[in-house]
Amino acid sequence: MDDRFNTIAGWVLFAGIVALGSSIVAGEMFHSERPEKMGYPIAGVEQEGEGAAAAEQPIEVYLAKADVAKGQQVFNKCMACHNADKGGANQLGPNLWDVIGEPIGQGKGFAFSDALAKKGGNWDWDKLAQWLNSPKAFAPGTKMTFAGLSNPQDRADVIAFLNSHSDAPKPLPAAPAAATAASDAKAGNGPNNGPQKADKEPVPATNGPAGKAAEAEAKKPGA
């Protein structure tokens, strides 16, 4: 019985030694280095810190190229709560006819939240852009549940659309001069871009027969 147990134990030990040796050999043959970045890249998904959006410019830059028709398409998202028709009824949100220039959170027979009613001032291009970007950031505590429009051009298009819904639409502002200059510089249209003139025009050589003849011709009276 002891001999049989010893034989089985020996084979088990031998099998363990063989398995351990195989593992060591395989590890040496198929050794791989730890990658610098863990994880697997997914096609079409930008890595953190890559492709960061350019800094947002003043709303006037986007209003200068705003499209009322596109603004109407974006405004369709708002029509569950608002309308912009002249004489239109208030819904979950107030009627937005002639909103540019009207007092913030006041009038139209609508029960505005205290957060918005206490803002003060009138709706201008910039304040309306801030509101459309993030109502909760513009007026913390507002009853407005809309998350906002993250694309500044969408905001400008909607503002242009709302501005057109008025008896006297206001002229859309031009892009600030600083932004225009920066855009021109990027496009290569600045004063220091483009072909440069030489400080001095090249002077033809006067050596040789042809040069001397030209010089003599230039010295003639009336030349």
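Residues numbered from 1 in each chain as written. Predicted model: local features only at pLDDT ≥ 70, side-chain atom pairs only at ≥ 80, totals over all residues. Heavy atoms only, no water.

1. A look at the packing of aromatic side chains
So, step 1. Under the counting rule described, the total for this entry stands at five aromatic pairs.
So, step 2. Consider the rings of F110 and F112, whose centres lie 5.0 Å apart with planes at 70°: the pair is edge-to-face.
So, step 3. For F110, a relative accessible area of 21% corresponds to the partly exposed category.
So, step 4. We classify F112 as buried; its relative accessible area is 18%.
So, step 5. Three or more aromatic residues link up through ring pairs in this structure, and these residues are W123, W131 and F138.
So, step 6. Above the face of the F138 ring, K119 is positioned so that its terminal group lies 4.3 Å from the ring centre. (Phe/Tyr/Trp six-rings, centres within 6.5 Å; stacked < 30°, edge-to-face > 60°. Buried < 20%, exposed > 50% of the residue type's maximum accessible area, 1.4 Å probe, protein only. Lys NZ or Arg CZ within 6 Å of the ring centre and 35° of its normal.)

2. Some details on the pattern of salt bridges
So, step 1. Applying the stated criterion across every chain yields a total of four salt bridges.
So, step 2. Among the ionic pairs, D167 bridges to K86, the shortest N-O distance being 3.1 Å. Placement of D167 in the loop between α7 (152-164) and α8 (177-187) and of K86 in the loop between α3 (68-75) and α4 (114-117) is noted, with a sequence separation of 81 residues between them. Grouping residues by exposure puts D167 and K86 together as exposed.
So, step 3. Close ionic contact of K127 with D124 constitutes a salt bridge, the shortest N to O distance being 3.5 Å.
So, step 4. In this structure K127 comes out as partly exposed when scored by relative accessible area, which is 28%. (Salt bridge = Lys/Arg side-chain N within 4 Å of Asp/Glu carboxyl O. Helix = DSSP H or I, 4+ residues; strand = E, 2+ residues; numbered from the N terminus.)

3. Concerning the nonpolar core
So, step 1. Core analysis: the biggest nonpolar cluster contains 27 residues, and I59, L116, W123, L128, W131, I159 and L162 have the highest contact counts within it.
So, step 2. Within the residue set of this core, elements represented by two or more residues are α2 (59-63), α3, α5 (125-133) and α7.
So, step 3. Apart from residues no more than four positions distant in its own chain, I159 is found in contact with I59, L63, I100, W125, L128, A129 and L132. (Core = buried A, V, L, I, M, F, W, Y, C linked by side-chain atoms within 4.5 Å. Contact = heavy atoms within 4.5 Å.)

4. Examining the environment of A66
So, step 1. Along the polypeptide, A66 turns up in the loop between α2 and α3.
So, step 2. The class for A66 is partly exposed, based on a relative accessible area of 22%.
So, step 3. Note: C-alpha distance between A66 and F161 (95 residues apart in sequence) is 8.8 Å.
So, step 4. Not counting residues up to four positions away in its chain, the partners in contact with A66 are Q153, A156, D157, A160 and L172.

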